[in-house]
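A closer look at the structure
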Amino acid sequence: MHAMFFQRRAAGMRRTGAALLGAAALALGVPLAQAHHGWSWADGEQTTLDGTVHAVSMAPPHPMLQVKAADGALWQVDLGNPSQTERSGFTGQTTKAGDAIRVLGNRHKDHARLHMKAVRITVGGTHYDMYPERLRN
């Protein structure tokens, strides 16, 4: 009887610990996700980046490119979420390292960071609009 009491208590403590750990992860993870995926980190003004593709990643949570600018600086360019990127017509085979690219988008508010969110990318004269509603004429 005494042993059964301790087994139940230990099982209850494991469930409580797991629940607390999950709640803590959720509490810490949600602000990070919101900060990363929204537009609040980006300048309101759009800018253009011309360069060559250094690398392409279609991995979640969102596709991204590394673009080498004419001055040799390496930029991280976030594309739309996977479904937006797919709707734009852009795939992992659209471009490859060494291709010329033009990115229209919003750069990071901290201009020391070489990071921008693409609104439109242009490869070989073809436009891929990640966020057509954000295009400014």
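Refer to the structure printed above.
The shown structure was predicted, so the numbers you read here are calculated from the model rather than taken from an experiment.

**Remarks on the environment of Thr126**
Within the fold, Thr126 resides in strand β6 (residues 126–129). Sequence spacing of Thr126 and Thr94 is 32 residues, and the spatial spacing of their C-alpha atoms is 9.9 Å.

**Concerning the pairing of strand β5 (residues 115–123)**
Taking burial as the measure, the nine residues of β5 include eight buried ones, the bulk of the element. Across three bridges, strand β3 (residues 74–78) lies against β5 in parallel orientation. Each bridged residue has a counterpart across the sheet, and for Gln76 the counterpart in β5 is His115. In the sheet, β5 pairs with β6 via four bridges, with the strands oriented antiparallel. Residue pairing for β6: Thr122 is matched across the bridge by His127. Counting the residues that bridge the hairpin from β5 to β6 gives two residues, and of these Gly124 lies at a positive phi of roughly 60 degrees.

Rules used throughout
Residues numbered from 1 in each chain as written. Predicted model: local features only at pLDDT ≥ 70, side-chain atom pairs only at ≥ 80, totals over all residues. Heavy atoms only, no water. Helix = DSSP H or I, 4+ residues; strand = E, 2+ residues; numbered from the N terminus. Buried < 20%, exposed > 50% of the residue type's maximum accessible area, 1.4 Å probe, protein only. Pairing = 2+ DSSP bridges.

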